[in-house]
Amino acid sequence: MTAFYTWLRETLMALSDSGALPSIFYYEFVVNALLCSIVIGPLLGCVGTMIVAKRMAFFSQAIGNAALTGVAIGVLIGESYTAPYVSMFSFCLLFGIVLNYTKPRTRMSADTLIGVFLSISLAVGASLVLYVSARVNTHILESVMFGSILTVSDLDMNVLLVVTIITLVVGLPLYNKMLLGSLNPSLAQVRGVNVQAIEYVFIVLVTLITVACVKIIGAVLVEALLLIPAAAARNLCRTLRSFVYTTMVLATLSCIGGIWIPMQWDIPVPSGGAIVILAAFFFILTTIIRNVVPGFREAKL
Amino acid sequence: MPGPAIHVDNLSLQLGAHHILSGMQFSIAAGALHCFVGPNGGGKTTTARCLLGQMPHKGNIRFEWNDGVKGTIGYVPQLIEMERTLPLTIDNFMTVISQDKPAFMSPKKTVKAAIDRALERVGLTAKRGLMLGSLSGGERQRLLFAQALIPNPDLLVLDEPMTSLDEGGARLFEQLILELNSEGTTVLWINHDLAQVARLAHTITVIDKVVLAHGSTATTLTGDMQRGVFHAQTNRSAA
């Protein structure tokens, strides 16, 4: 893969040198970040529709926060603080699975339970990260929470690529079953869907994706990119097909724009922040369209 | 191919401190059109869900499938509130239940033909582009029936499928159920309309936490029993 990345970077640099591409393509980290964003966009877009269908937005937020703890643990046990993947993956997977295991075993509604876990993960994660970042590098906290494209390495891209392939291979054939499981679990069970097992598969996929995207978008904002493009697309779409594809396009545009715009005009904001602000812009735009265009009129209550 | 026979032996269910069902014992013949009747809250739906393997019941439930091969179960649940916020059309929903390929990709030709046929049978063809959230109660019931037709069921479990239907819809459903039953499908139908039960069912089970009566419709659904069921119903609503 490294050879491919090198070839791609060199080609783009040459094009940028000759003036065919904007000058920002001359920088290795920009090319890396943009490569990631064309993978992350469709991935998060597609998974986001399922997150919305399953009403699990806050679940992914909790996982994102758990990544903070993962990073802190990684630094404490001596992993590289720019890529503590072993700790992040293990802790987040553990966290997600425990959360999902607890869900049917308490007599609380899902939002209460997720709220509890969300707070725990943020409190523990932020405290630990602040503690270790004081010892290592104060910029860790900022980049883990809000993303930093400056540090995206070949390793990060490989991790993202592997996670994407796993999601495609495992997630796509189960997409309908997951959707049916959330529409009506009882019906899904009769139709031969193992609802609980599929729930765990989904949890694991969301966890993998969240961790793989932390580098670019940041732990706090991964959830936003899972949620906002889907919400924006929901404003305009009336079929599943248009919903999924519009979400993928909006998520991809947000990623690319969020990385490219601050570079091009030298705006000092973290990549994650810019990506989510752009996604939010799409949401506002589609909300306005929905309320202005007569074709979308519907009952007020 | 005839549908399965079902044998229920000493079925009981306790949820928390509540005894929902106890000591239930009955059999449903292969290819029968069988109705569960009884008062609200008597456990008809719960019994059906035990049969479908969705409850932590005690006792033995045995399906005697033709040739010993587990066939297809079609299930028409009680009228449910459908997802109101998702952009999911009738067509999308049918695709979701019909294939493994993600429903946002276009369905295979054979799948599409099966969906066309099922929607036509329940009279939803003209409404296939509507979103689930915008459907009326009767339309939702038609959709729930349509999904139970793919693939063709050997056992069809219906939970009050007609509560919101208009007259035309009720006639259509009755016809469909009789048609499937005549092709050999075992039908298990939770039904409140005792006149309809008397007219159509081969056998019935009267359920109110226990099996009050079980047998052929003609001998079981006597005037006394009908009064008994209604009596229980009135008592409950009064209480």
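Here, the structure is the one placed above.
Residues numbered from 1 in each chain as written. Chains lettered and ligands numbered in written order. Predicted model: local features only at pLDDT ≥ 70, side-chain atom pairs only at ≥ 80, totals over all residues. Heavy atoms only, no water.

*Asks:* Would you take a moment to explain the interface of chain A and chain B for this structure?
*Replies:* The accessible area lost on association of the parts is a frequent measure of interface size. With 27 residues of chain A at the interface, the matching set in chain B holds 34 residues. Here chain A and chain B share an interface that buries about 2,600 Å² over both sides, 59% of which is from carbon and sulfur atoms. Considering only the surface of chain A that becomes buried against chain B, N176(A), L183(A) and R191(A) emerge as the three largest contributors, covering 24% of it. Counting the contacts that link chain A with chain B gives one salt bridge. Measuring nitrogen to oxygen at the nearest pair gives 2.6 Å for the salt bridge that ties D100(B) to K177(A). Linking chain A with chain B are 13 residue pairs in polar contact (both at pLDDT 80 or more). Elements that contribute at least two residues to the side of chain A that touches chain B include exactly helix 2 (28–53), helix 7 (154–183), helix 8 (185–190) and helix 11 (240–264) of chain A. (Contact = heavy atoms within 4.5 Å. Buried area = accessible area lost by both parts, 1.4 Å probe. Salt bridge = Lys/Arg side-chain N within 4 Å of Asp/Glu carboxyl O. Polar contact = N/O pair within 3.5 Å; in protein donor to acceptor, adjacent residues only side chain to side chain. Helix = DSSP H or I, 4+ residues; strand = E, 2+ residues; numbered from the N terminus.)

*Asks:* How should the state of the cysteines be read in this particular structure?
*Replies:* A covalent bond between the sulfur atoms of two cysteines is referred to as a disulfide. Tallying each qualifying case throughout the model produces zero disulfides over all chains. There is no disulfide at C213(A), and the cysteine sulfur nearest it, in C255(A), is 7.7 Å away. According to the relative accessible area criterion, C213(A) is buried, its value standing at 0%. With no disulfide of its own, C35(B) lies closest to C50(B) among cysteine sulfurs, the gap being 19 Å. With a relative accessible area of 1%, C35(B) lands in the buried category. (Disulfide = S-S within 2.5 Å. Buried < 20%, exposed > 50% of the residue type's maximum accessible area, 1.4 Å probe, protein only.)

*Asks:* Explanation requested: the sheet that holds strand 1 (residues 5–15) of chain B in the structure shown.
*Replies:* In any sheet, the strands associate via hydrogen bonds between backbone groups, in a parallel or an antiparallel arrangement. Residues and elements named next belong to chain B. Reading across from one edge, 2-1-4 is the order of the three strands in this open sheet, with antiparallel pairing throughout. Only two strands of the sheet have a single partner each, and these edge strands are strand 2 (18–28) and strand 4 (58–64). Taken pair by pair, the neighbouring strands of this sheet meet at an average axis angle of 15 degrees, ignoring direction. In terms of strand pairing, strand 1 meets strand 2 through seven bridges, oriented antiparallel. Bridge pairing in strand 2 links L15 to H18. (Pairing = 2+ DSSP bridges. Axes fitted to C-alpha atoms, helices over the stretch in contact; angles between N-to-C directions.)

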